[in-house]
Amino acid sequence: REMGKDLRGKELGVGISQRKDGLYTARFMDKLGKRRQQYFKKLQECRNWLADAQFEDEHGNVLQGENPTVDAWYHYWIDSVKGDNIRFNTRRNYNERYNKNINPLIGDMLLKDVKPLHCQNVLNQMANRYSNSVIEHSRLVMWMMFDSAVENELLAKNPVTKSVKCTSGRKPKEMRALTIEEQKLFLETIKGTSNYNQYALLLQTGLRTGEMIGLRWSDVDFENRVLHIRRTMEYRHSVGEWRIGEPKTKNSIRDVPLTQEAVDILKNQKEKLKSLKVRPIEFKDSVFLCRDGTPAKNSAYDTKLFYYCDKAGIPRFSMHVLRHTFATRCIENGMRPKTLQMILGHSNIGITMNLYVHVTDDEKVKELKNIENMLKIV
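The text that follows walks through the structure, step by step, so that each part is easy to find. (Residues numbered from 1 in each chain as written. Predicted model: local features only at pLDDT ≥ 70, side-chain atom pairs only at ≥ 80, totals over all residues. Heavy atoms only, no water.)

## Remarks on the pairing of strand 2 (residues 11–14)
Piece 1. Two elements, strand 1 (residues 3–5) and strand 2, share 3 bridges in a ladder whose sense is antiparallel. Each residue of the ladder has a partner; that of Lys5, found in strand 2, is Glu11.
Piece 2. Linking strand 1 back to strand 2 in an antiparallel pair, the connection comprises 5 residues, with Gly9 at a positive phi of about 90 degrees. (Pairing = 2+ DSSP bridges. Helix = DSSP H or I, 4+ residues; strand = E, 2+ residues; numbered from the N terminus.)

Quick look at the structure:
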């Protein structure tokens, strides 16, 4: 390969030259035998592009080379190895952790050069900025992608070792549940509003918002008083469309028994839908629809919720608090943990047991009163 020159005859380096119009050009032949070429006004920009393009050609194609960058491997792993085996929301969460926290620190490194200290640094940089659960999720994403690289013989061992640990993160906000008084006031405030049935049903069933939006009449068994939870729906503003998928975990595919109140709410909703003049074919079986015949977007429920909280004069809360309130009422009235786990669709009993730790102060006093005489020894 010949050394390129500028218009005055000065050598610029292999693959770089200057045209008569003053533009600098860089070119090289990539691994696939295709000539790559770009033009620049400044020499340094030209040199930078050539160096980056050649590096990407050498290390960016996982299938062509044995020494890819972390970034090249991650995108190959998420698109081709994981592929369609993961849900849309899971893929989105992996990408968020990778793009925000992992890529900026180790994305440009060669896969083989990543050591435990580099992975630990990713977690250290997240300390005090993220909750422990988010930091742990970043660790999990790194562990999975590097473990797959080991399986595919691109790495000898996984750099995310046992010593790479989640450092101290921010304490997560404690999930609150509505008190019985707040729950009554909230329901009284929203009575007769367009979203009453939706909010009230969550307080009777503990469904997630996406599960409620995804409900179809074919999922409602009035005779046996049960809801079949088979899907979740979420509106993705970034792409302007609804995403319909399976619920969060395998345990989330479940049957939820209906209280008489829940049955009444659903029957009321069925009557309400009869007044709709238009209903798009794709939503003809949906339980909850707006006046235009389409589902309300997930974010719209939270926005309305804040408005109703202000109107009721109670602290603002998110949709998830309605699910947490349902769980709290179940616990307060003696429901067994395993039963509640099945109703809520938790993936393991530990998640459910955490709810039992956070019973209200009133409940602790009531429980102690029940056994007061038993504690009196003398």
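On we go from here.
## Some points on the state of the cysteines
Piece 1. Per the counting criterion, the structure on display carries 0 disulfides.
Piece 2. Of the cysteine sulfurs around Cys119, a residue in no disulfide, the closest is that of Cys166, at 14 Å. (Disulfide = S-S within 2.5 Å.)

## A word on the sheet that holds strand 5 (residues 35–40)
Adjacent strands of a sheet form backbone hydrogen bonds with each other and so pair up, either parallel or antiparallel.
Piece 1. Strand order in the open sheet formed by 3 strands is 3-4-5, with antiparallel pairing between adjacent strands. On the outer flanks of this sheet lie strand 3 (16–18) and strand 5, each paired with one strand and no other. Direction aside, the axes of adjacent strands within the sheet are offset by 20 degrees on average.
Piece 2. Pairing of strand 3 with strand 4 (residues 24–29) involves 3 bridges; the strand directions are antiparallel. Bridge pairing links Ile16 to Ala26 in strand 4. (Axes fitted to C-alpha atoms, helices over the stretch in contact; angles between N-to-C directions.)

## Describing the side chain of Asp219
Piece 1. Residue position: Asp219 is located in the loop between helix 8 (209–213) and strand 6 (220–221).
Piece 2. Judged by relative accessible area, which is 4%, Asp219 ranks as buried.
Piece 3. There is a polar contact of 2.5 Å between the side chain of Asp219 and the side chain of Arg231.
Piece 4. Aside from chain neighbours lying at most four places away, what touches Asp219 is Gly214, Val226, Leu227, His228, Arg230 and Arg231. (Buried < 20%, exposed > 50% of the residue type's maximum accessible area, 1.4 Å probe, protein only. Polar contact = N/O pair within 3.5 Å; in protein donor to acceptor, adjacent residues only side chain to side chain. Contact = heavy atoms within 4.5 Å.)

## Focus: helix 11 (residues 319–332)
Piece 1. The end-to-end C-alpha distance of helix 11 is 21 Å, a good match for the 20 Å that 14 residues give at a rise of 1.5 Å each.
Piece 2. Among the 14 residues of helix 11, 13 are classified as buried, and the element is accordingly described as predominantly covered.
Piece 3. Of the residues flanking the end of helix 11, it is Gly334, one or two places downstream, whose phi is positive at about 90 degrees. (Expected span 1.5 Å × (residues − 1).)

## A word on the pattern of salt bridges
Piece 1. One pass over the structure, following the stated rule, counts 14 salt bridges.
Piece 2. In this structure, Arg243 and Glu241 form a salt bridge, with 3.6 Å as the shortest nitrogen-oxygen distance.
Piece 3. In this structure Arg243 comes out as partly exposed when scored by relative accessible area, which is 27%.
Piece 4. Residue Glu241 is classed as partly exposed on the basis of its relative accessible area, which comes to 36%.
Piece 5. A single network of salt bridges, built from pairs that share partners, joins Arg208, Glu211 and Arg254. (Salt bridge = Lys/Arg side-chain N within 4 Å of Asp/Glu carboxyl O.)

## Here we look at the packing of aromatic side chains
Aromatic ring pairs are described here by two measures, namely the spacing of the ring centres and the angle between the planes.
Piece 1. What the rule picks out here adds up to 13 aromatic pairs.
Piece 2. Taking 6.4 Å as the distance between ring centres and 25 degrees as the angle between the ring planes, the aromatic pair formed by Trp217 and Phe222 counts as stacked.
Piece 3. Overall, the relative accessible area of 26% leaves Phe222 in the partly exposed class.
Piece 4. Through a chain of ring-to-ring contacts, the aromatic side chains of Phe186, Tyr199, Tyr301, Tyr307, Tyr308 and Phe317 assemble into a single cluster. (Phe/Tyr/Trp six-rings, centres within 6.5 Å; stacked < 30°, edge-to-face > 60°.)

## Topic: unusual backbone geometry
Piece 1. Non-glycine residue Asn128 carries a positive phi angle of around 65 degrees.
Piece 2. With respect to the helices, strands and loops of the structure, Asn128 is situated in the loop between helix 4 (116–126) and helix 5 (132–151).
Piece 3. With a phi close to 60 degrees, Glu153 is a non-glycine residue in the positive phi region.
Piece 4. For Glu153, the position within the fold is in the loop between helix 5 and helix 6 (180–190).

## Points about helix 13 (residues 349–357)
Piece 1. By the burial criterion, the buried members of helix 13 are Thr352, Leu355 and Tyr356. Buried residues along helix 13 cover an arc of 100 degrees about the axis, so they all sit on one side.
Piece 2. Those residues of helix 13 hidden inside the fold are in contact with helix 11 and helix 12 (337–344).
Piece 3. Sitting at the head of helix 13, Asn348 places a side-chain oxygen 2.9 Å from the backbone nitrogen of Gly350. (Arc of directions from axis to C-beta.)

## Some thoughts on a nonpolar patch on the surface
Piece 1. On the surface, Leu368, Ile371 and Leu375 cluster together into a nonpolar patch covering about 290 Å² of accessible area.
Piece 2. Position of Ile371 relative to the elements: it lies in the loop between helix 14 (361–370) and helix 15 (372–375).
Piece 3. For Ile371, a relative accessible area of 40% translates into the label partly exposed. (Patch = residues over 30% accessible without salt bridge, like charges linked within 9 Å, V, L, I, M, F, W, Y side chains within 5 Å. Areas by Shrake-Rupley, 256 points an atom, 1.4 Å probe, with all protein chains shown as cover.)

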